[in-house]
Amino acid sequence: MKKKQIYGVWYGHTLFKTLRIMRLTLGLLLVLVVQGWATKSYSQKTLLNLNMKNAQLLDILDAIEKQTDYYFLFNYEQIRSDKKFDGQATNKKIDETLDLILKGTDLTYTIKDRQIIISKEKLGLLQEAGSDLQQQKSISGKVNDSSGTSLPGVSVVVKGTTIGIITDVEGNYSLANIPTNATLQFSFVGMKTQEAQVAGKTTINITLAEEAIGIDEVVAVGYGTQKRRDVTGSVASVKGDVLNEIPAPSLEQSLSGRAAGVQVISGSGTPGSGATIRVRGVGTLNNNEPLYVIDGIILGNIAGGGQGDVSPLSLINPNDIESVDILKDASATAIYGARAGNGAVIITTKRGKGDKLNVSYDGYTAVNKLDQSRYGMMTGPEWAQVYAKAQDNSGNSDYTGQPFVNRIIAGENIPTYDWVGELMQNGKIQSHNLSVSGGNEESNYFTSVSYFKQDGIVNNSDLERFTLRFNSDHKIGSKFKFGNTMLISRSNNNKRGNTYGFDNTTDYLNRVLRVNVYKPIYDPTGYYAGVNYHDPDAEGLLDSENSHTIWAVNEMTEFDAVNRLWTSLYGDLEIIDGLVFHTMGSVDYNTTKYHNYRPSNKIEGNMGSPDEKTRLEIGESERQTWFIENTLTYTKKIKDHNFSALLGYQSQNSKFTSFYALDGSFENTDYWFFNRPHLKTEVKDAEGNIIMTLPALTVVAGNNEFEESFVSLFGRLNYDYKGKYLLTATVRRDASSKFGPDYRWGTFPAMSVGWRISEEEFMKGISWLHNMKLRVGYGISGSDNVPNYQFTSEVGSEGEFNYVFNEGEASGATIARLANNALRWEEIKMGNIGLDVSLFKGRIDIVADVFDKTTSDLFLPYAPAFEIGMESNPSGNLGEVKNKGFELGIHSVNMQRKITWTTDFSFSTVKNEIVSLPQNADRFSNVNISRVGEEIGALYGYVADGIFQNWDEVYSHAYQNQAVSSFDENSMPIYDKTKTDKSTSISFTAPGDFRYKDLNEDGIIDSENDRKIIGSSIPDFTWNLSNTLSYKGLSLSFYFQGVHGVDIYNSLRSLTESPNSGNSSAVLLNAWDGERPSNTIPRLLITDPNNNMRTSTRFLESGDYIRLKNVRIAYNLPSLMIKKVGMKQCQLYVTGTNLLTFTDYSGYDPEIGLRSGGDNETAGVDFGTYPNTRQYTLGVKITF
Amino acid sequence: MLDLQDPTGPTGADFFKTERDVEKAVVAAYGGLTNGLSLWGEDMMALEQITDNFYNGSTLTDGGHGTWHLFQITPQNSTLTDFYRYLYIAINRANQVIVNAPLVDGITTTSLNNHLGQVHFLRAYEYFLLTLIFGDVPVILEPTGDPAGYAKGVSSATDVYDQIIADLKLAEQLLPGSPSESGRLVTLAASAMLVKVYLFGADELKNTSWYQLAQQKAEQVINSNAYALVNDPSKTPAENFIEIFSTVKENGPEDIFSIQHFNDGGIRTNSNIGTGYAMAISPRYNKNLNVFGYGWGYVYESAIKRWDNNDPRKDVSLWIDGEKIFLNGVSKGTYKQGSQQRPNARPKGGGLQKFWWAENFKSNNAISDLNMKVIRYADLLLMHAEADLMADGNLGANGLVSLNKVRNRAGLNSYSLGTVDRKMILDERRWELFGEAQRWFDLMRTRTAEQAFALLLEDDTDGDDVDKNGFVGERYYKMPYPQQALDRNPLLVQKPVWARTAE
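The following paragraphs examine the structure supplied in this document. Just so you know, these numbers come straight off a predicted model, no measurement behind them.

With that settled, consider the overall build of chain A. On a plain count of helices and strands, chain A comes out with 18 helices and 63 strands. Taking all 1184 residues of chain A together, 59% fall into the buried category. A sequence separation of at least 24 residues applies to 70% of the contacts in chain A between residues at least 6 apart. A total accessible area of about 44,900 Å² is found for chain A, and carbon and sulfur atoms account for 54% of it.

Have a look at this one:
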């Protein structure tokens, strides 16, 4: 295992360097005999100038590589020496130079065009090795990667021999005198090895596919990296370029379907909306977000994004991401101890690659298509029919707006208005990203600027983002390294249909859906139509939906701006061989500003704006966090025993402050400032005399502040014997300021072992088995995702504690929460067993894991008796949740000839169960329930059992709200069966109403005994299937996502499927009627005595779907063509997102996401989510 | 570094150290009555919607009180839960003061008594509301230190009344004679509250000896001459009557105990001091007409029909379809019952005008600064008359004087001795206290809701006033315990008649 040694020596910090050395090593090992010639000859006239001072051989070779197009191939072990060179070479040819520097060594060199092989062997002798082969001919060709870029340095070897060559800078190769029945092997580190039969051909062009989960891949494991082959925990990795295949504003959306066991729940179509990530199910009833770590900076368990939230991660430019590694099991996350109980997402950004200047541009533009017809609302005349019928059924012979309704029914053509169309539009995205990287032996850098702009499907909603990144690494001598990471980011977000005093994610949408289509949007002057502008017959009818949504969307402002600065500085010092001290200080500073503005308006009857006053609210918050991280790493090899130990300390402090001011009494729209003239309100009597002057209505202001700290000590030991038996042991001690002094510290240990069965002697004979590793791990981690200062008692003051004396506000306060000094960490225990199998030289890779995760000591408010009379409930560590699951990931290279075809498949299943809750009491939230023995956030309601067709059925069923004459001695209602007239049907349960199942058969339909869990908001299993096909410069990739065994409570239907003066769903056209029985749509009635709208299976639907999530077609322009204009690569691509969905769900979009804040306890309910739409993208990637 | 204190406020351990803390806790105890949108915020309106006066003009799902007018009230109902929960929160705030204030150093006896008097009164009023709504309820008299596993069974209504009376008697002793600032309680307020407690308690507990106690207590308050009806001889009866509900003449001679409200700038961020009650029960917003209600409460056709047109209180209490709206003497338009922007507002019937701002004063963003009367002098006079009548079956001369004072102020004829029965006094209460969240308690304690609701149907000309068909006396005269309260307190057991409940 020579490669491994090279890793150890080469400090291992710069990923690229390491890979490059590996590549060369591999090249040399394979190219022991060079028999062919590269097709092109290289000018020998190149002259070198070298100035060597105390230089090592490797440095010199590097310098030559930089100055010229030459590149060297060598075995690092052979050329490694402490010998130093001094002297000068001026205008020397390459052979002269090499003679000079290799003099006195046992090394020799061979120049083949631009490639120079340095070795101890005499290549001339080896050349003869293949000379006696029979039936020989020559073959040539070109090797590209999947993007169509030519690949230099690929080893092309005749299988079973040592004959081979390395491709030149153009990716070309040529081999002479090889057998016609030979097989060529093409290999390159980081790529899948491919084979091709010569079979008489003279040209073989090959496209190499990247090795996605190759065992030599390096993965981030927290405070360091490990090779995948040595990893004993459960870690999923996604490369940056794979992420970028889906154009999305925020990286978590792009993670969707890329890693088994990582569920990505789309937020919504709101601009900037992220997605919620659940690693291995829903562990707690609190914050379930994984820990995000970006370049070593711990961002915390930030909410990825429920509906309407703008993801904090959207501040990162996805193009800057090198890789994302997701730590899934406790043995992997334990290094983050108490912070990573819900998994950890480690994001590594790109760094300079220490070679020539690399400039690239990536830009795209996208449109989001909205299909309005999918809402299924009624036309105006249909509404009139339904409404008149409902009024008639309700016994209202004379109702508001009746003449108007009658005119419509009589066939008068009264104009209708498209409120939905006025609110919504097709969305647009544009994104531009420019990056520059480069450097030299001492220093390298990566810098990028990006601009992103998304216009949402609701008018005037948009998100704009600017980012600037600068990462650099520097070396001083061979022992000291330092560098930085920096991101400056700004986003501007105009929210619409999000929040304005209420959870309004969906509110605008369901408001416009339900507005009466006869209600004009504008009056003849072009201003927004008020209640007084309409047909006189319709007075009082058209404005039941009393906010003018279009006015709100067009005129109100709800603007957020976020600035974020992440920056860190690190230093690495190799104290002695193998012992590295690493220190890092970092700062995460962000500010958020919001500016909410509601101008005065003159829309009559607009309840949302009852006068001509303007309301202005401005607020800002600031959060500053610093980290200090110090680690010592020691790596040591003693014979076949490899040790690596890590010892670390980390501390963190965050301070948060916020301030807001608002005033709703500006007299006109001109005032955008609080420093307006002093206002007074005069109160006049009937004669107009001023009888009282009230003081100016004051600005309301408020602020908040908190601070939190962590201190952590941690250690990790990695040991392996011959790379065969692996062990990782971790322990972390964490302290958090959130807990009382006695419970502040927690200890979180973990251990995992691995056995690479394929390395055993008895397995060596199995040629198709490339790698097989068994992993077993167990660990304890924690979570402190709870608000600050919860362990103390609390004094409530102001607001609801105030009162009025002497006509002025009196300030009140009292004890409003009891203390709980025993508050402590939530604890997560997880066991994991995994198997990694790699078959047929890595053409098929399989990773499978089973896990068992228990989250206990859940931090939940205790719900004490109301009689205690406390404002807020004390919290305790009560409750436990279990998640068990299985994950499978398969990567397969199906075809590797002219066409390359790879397939990735992942499958995840999680079984969630609540083991206990505070007082074992159910936790209700509207439609959801969390109940012991069941899943978190299950859907709960009555079971609708068809519709009563006649009075006999009504009076023979259990009591819902039938007319009752009296109650018997057991409090059982006695029906008055004589009541079958219309008046009865208006007030009581009647034919046409839903029949609900009497689950406990006690004769009464009651909420206590006749509701049950009717659905699940957690899928039984999910899968993803992606395929990539490439042929020459063209590539096609597409992937499907499948979600099964999940239900959606379509709450939007519960708003639209009842008749009222606003518009309703077209299903009402098929409502139950004496002459037209229906078993699904109840009778039309204005009131609802039977409560047919109650939460029941009536509105429950399957949320299963299979979705063609993404299709991407990319074309790389031929390199000959683009070379003329100085480009290295030019790729054009088109992408379609959410193109096809197979689902029975009747709502707009089965991917409904989580409610604001990402709360799983309210999942699975569709309130008319701002939908994910189809997106079409056109983009270009250019590299210079 | 790990020892961090909340910079925004003290913890409980730092509180109740100074008299200033006690003062704030007393304010918070008053605030308990208007906490959020509870009680005198909006909830009390639900008690009007279960009377023969009002129905809900909005949808059934528009607030927890949406189904109350239909008597679709279940243990899960959020308004019902609010009543229970917020009353106990208010009680705890009083208990905090009662237990902690005496332990505070440097507090004089006078001021301690003053503080304690106020919170004993408040606690009594809160238990009174609890027992009126729920009947038997748990009685908690001190704050608990350990919430875990806390459970408490109910006390009988008789015991609850005993506690209420004990608290009020103590408050009578401790409270000052005159308020330090407007809105504060005084000793006579406790006496007046005792009148109500004895009178209602006499009906509720069938404890007829209390009628006389109520009568005596009422006479004590009347004879103190501390209160008077608003009755300026230079003004019309209507003008006098409506002045009680003027936002600029609050805490007048007639106010005994009022929930104080203050418009805090038009933004409903602090609904504790600017409330929704008057808004909630008033007709729908119309800016031109200076009408700013939420349109939850509308008046039944029957109430309009039964209310004597010669009663000047009727015109200023109600909006009736076609009525001209005058603002500063200028006609601004017409009240249109048929054009209310509420789905369930019925063309016949009317709206409540009583809490309307006749002043040319722009209200802000749907907040009223009108105080709400818990007891006013007219109420006390009527209770006096009723207690007098009930004590021995005959209305005495003193009782008749009280009744006639109220009628005369309203510009109505005096009744004469021997002609007055209880129904006439209850009707007088209905019109005098229309919309003031008193009607339900009168129907309930006299068990006369069935008869009242029968008249609704009788008077309904267009067949839409069928709401009260769902009323069943044996259930709704005492509401069920909220389901959440049952879930959290294992010793609280649902009433048998509510043990099986349909939704």
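Before going further, it helps to spend a moment on a nonpolar patch on the surface. All names here are of chain A. On the surface, Ile 476, Phe 480, Leu 573, Ile 575, Ile 576, Phe 581, Leu 632 and Leu 647 cluster together into a nonpolar patch covering about 680 Å² of accessible area. If one sorts the elements of the nonpolar patch by residue count, strand 28 (residues 557–576) sits on top with three residues. Locating Phe 480 in the fold gives a position in strand 27 (residues 480–494).

Attention now goes to the pattern of salt bridges. All names here are of chain A. Within this structure, the stated rule accounts for 74 salt bridges over all chains. A salt bridge links Arg 407 to Asp 537; the nearest nitrogen and oxygen atoms lie 2.6 Å apart. Residue Arg 407 is found in helix 11 (residues 402–409), and its partner Asp 537 is found in the loop between helix 13 (507–514) and helix 14 (549–555); the two are separated by 130 residues along the sequence. Here Lys 724 makes a salt bridge to Glu 760, at a shortest N to O gap of 3.6 Å. You can see Lys 724 sitting in the loop between strand 34 (700–721) and strand 35 (725–736) and its partner Glu 760 sitting in the loop between strand 36 (745–756) and strand 37 (769–783), a full 36 residues away along the chain.

On to the nonpolar core, then. Core analysis: the biggest nonpolar cluster contains 168 residues, and Phe121(B), Tyr125(B), Tyr127(B), Phe134(B) and Trp440(B) have the highest contact counts within it. The leading source of residues in this core is helix 4 (residues 109–134) of chain B, at 14 residues. Tyr223(A), Val262(A), Tyr292(A) and Ile335(A) belong to the second-largest nonpolar core, a separate cluster that totals 43 residues.

With that settled, consider a positive patch on the surface. Residues and elements named next belong to chain A. A cluster of like positive charges, contributed by Lys 201, Arg 897, Lys 898 and Lys 1032, occupies part of the molecular surface. Mapped onto the fold, Arg 897 is located in the loop between strand 46 (880–896) and strand 47 (899–916). Classification of Arg 897 as exposed rests on a relative accessible area of 54%.

On a regular strand, one side chain projects to one face of the sheet and the next to the other, so that they alternate. Residue and element names in this part refer to chain B. The alternating pattern of strand 5 (residues 324–327) places Ile 325 and Leu 327 on a buried face and Lys 324 and Phe 326 on a face that is not buried. Across four bridges, strand 5 lies against strand 6 (residues 330–334) in antiparallel orientation. Opposite Lys 324, over in strand 6, you have Thr 334 as the bridge partner. Counting the residues that bridge the hairpin from strand 5 to strand 6 gives two residues, and of these Asn 328 lies at a positive phi of roughly 55 degrees.

Counting through the fold element by element, Ser987(A) comes out in helix 16 (residues 982–987). Judged by its relative accessible area of 11%, Ser987(A) is buried. Within polar-contact distance, the side chain of Ser987(A) engages the side chain of Asn469(B) at 3.4 Å. Here Ser987(A) is in contact with Asn961(A), Pro1089(A), Val466(B) and Asn469(B), once residues within four sequence places are set aside.

All right, on to the sheet that holds strand 62 (residues 1165–1166) of chain A then. Residues and elements named next belong to chain A. Pairing is mixed across the open sheet formed by three strands, whose spatial order is 59-58-62. Strands with a single pairing partner mark the edges of an open sheet, and in this sheet they are strand 59 (1100–1102) and strand 62. Inspection of the sheet shows strand 58 (residues 1047–1050) paired to strand 59 by three bridges, in the antiparallel sense. Across the sheet, Asp 1047 pairs through a bridge with Ser 1102, a residue of strand 59.

To continue, consider helix 7 (residues 209–223) of chain B. Residues and elements named next belong to chain B. Taking 1.5 Å of rise per residue, 15 residues should cover 21 Å, and helix 7 covers 22 Å from first to last C-alpha, within 8% of that figure. Turning to helix 7, its buried residues are Trp 210, Tyr 211, Ala 214, Gln 215, Lys 217, Ala 218, Glu 219, Val 221 and Ile 222. Directly after helix 7, the chain includes Asn 225, whose backbone phi takes a positive value near 55 degrees.

For Glu219(B), the location among the structural elements is in helix 7. Along the backbone, Glu219(B) and Ala454(B) are 235 residues apart, and their C-alpha atoms lie at a distance of 36 Å.

Attention now goes to the packing of helix 5 (residues 157–174) of chain B against helix 7 of chain B. Residues and elements named next belong to chain B. Here helix 5 crosses helix 7 at 20 degrees, and the two axes come no closer than 15 Å. One finds that helix 5 runs roughly parallel with respect to helix 7. Both helix 5 and helix 7 take part in a crossing whose hand is left-handed. Contacts between helix 5 and helix 7 involve Tyr 161, Asp 162, Ile 165 and Glu 172 from the former and Trp 210, Lys 217 and Gln 220 from the latter. Here the residues of the contact of helix 5 with helix 7 sort into three nonpolar, one polar and three charged.

Residue and element names in this part refer to chain B. For the pair helix 4 and helix 6 (residues 187–204), interaxial distance at closest approach is 11 Å and the crossing angle is 20 degrees. One element, helix 4, and the other, helix 6, form an angle in the roughly parallel class. Helix 4 and helix 6 meet at a crossing whose hand is left-handed. The segment helix 4 lies against helix 6, with Phe 121, Tyr 125, Phe 128, Thr 131 and Leu 132 engaging Ala 189, Ala 190, Met 193, Lys 196, Val 197, Phe 200 and Glu 204. Class assignment for the residues of the contact of helix 4 with helix 6 results in nine nonpolar, one polar and two charged.

About the thresholds
Each chain carries its own residue numbering, running from 1 in the direction its sequence is written. Following the order in which they are written, the chains are lettered starting with A and the ligands numbered starting with 1. Only residues with pLDDT of at least 70 get local features here, since the model is predicted, and only at 80 or more are side-chain atom pairs given and counted; chain-wide, interface and lining totals rely on the full set of residues. As a convention, hydrogens and water are excluded, and side-chain values are obtained from all of the structure's heavy atoms. Helical segments are the DSSP runs of H or I of at least four residues, strand segments are the runs of E of at least two, and each set is numbered from the N terminus. With a 1.4 Å probe rolled over the protein chains alone, any residue whose accessible area is under 20% of its type maximum counts as buried; one over 50% counts as exposed, and the rest are partly exposed. We call two residues contacting when some pair of their heavy atoms lies within 4.5 Å. Values of accessible area rely on a 1.4 Å probe in the Shrake-Rupley scheme; residue burial ignores everything except the protein chains shown. Candidates for patches are residues over 30% relative accessible area with no salt bridge; among them, like charges are joined within 9 Å and nonpolar side chains (Val, Leu, Ile, Met, Phe, Trp, Tyr) within 5 Å. Put simply, a salt bridge is a Lys or Arg side-chain nitrogen that is within 4 Å of an Asp or Glu carboxyl oxygen. The nonpolar core is taken to be a set of buried Ala, Val, Leu, Ile, Met, Phe, Trp, Tyr and Cys residues, with the residues joined through side-chain atoms within 4.5 Å. The positive count covers Lys and Arg only, the negative count covers Asp and Glu only, and His and the chain ends enter neither. The atoms used to mark charge sites are NZ of Lys, CZ of Arg, CG of Asp and CD of Glu. Two strands pair if DSSP finds at least two bridges between them. What qualifies as a polar contact is a pair of N or O atoms within 3.5 Å, subject to a donor-acceptor requirement within protein and to the restriction that residues adjacent in sequence count only when both atoms come from side chains. Multiply 1.5 Å by the residue count of a helix minus one, and that product is the helix's expected span. Geometry is summarised by axes, namely lines fitted to C-alpha atoms with helices restricted to the contacting stretch, and by angles between N-to-C directions that run from 0 to 180 degrees. Oblique is the label for every angle not falling under 35 degrees (roughly parallel), over 145 degrees (roughly antiparallel), or within 65 to 115 degrees (roughly perpendicular). Left-handed describes a crossing in which the near helix is turned anticlockwise from the far one by less than a right angle; the clockwise case is right-handed. In the scheme used here, Gly and all other residues not listed as nonpolar or charged are polar, with Ala, Val, Leu, Ile, Met, Phe, Trp, Tyr, Cys and Pro taken as nonpolar and Asp, Glu, Lys and Arg as charged.

As far as function goes, none of this settles anything; it's purely spatial.
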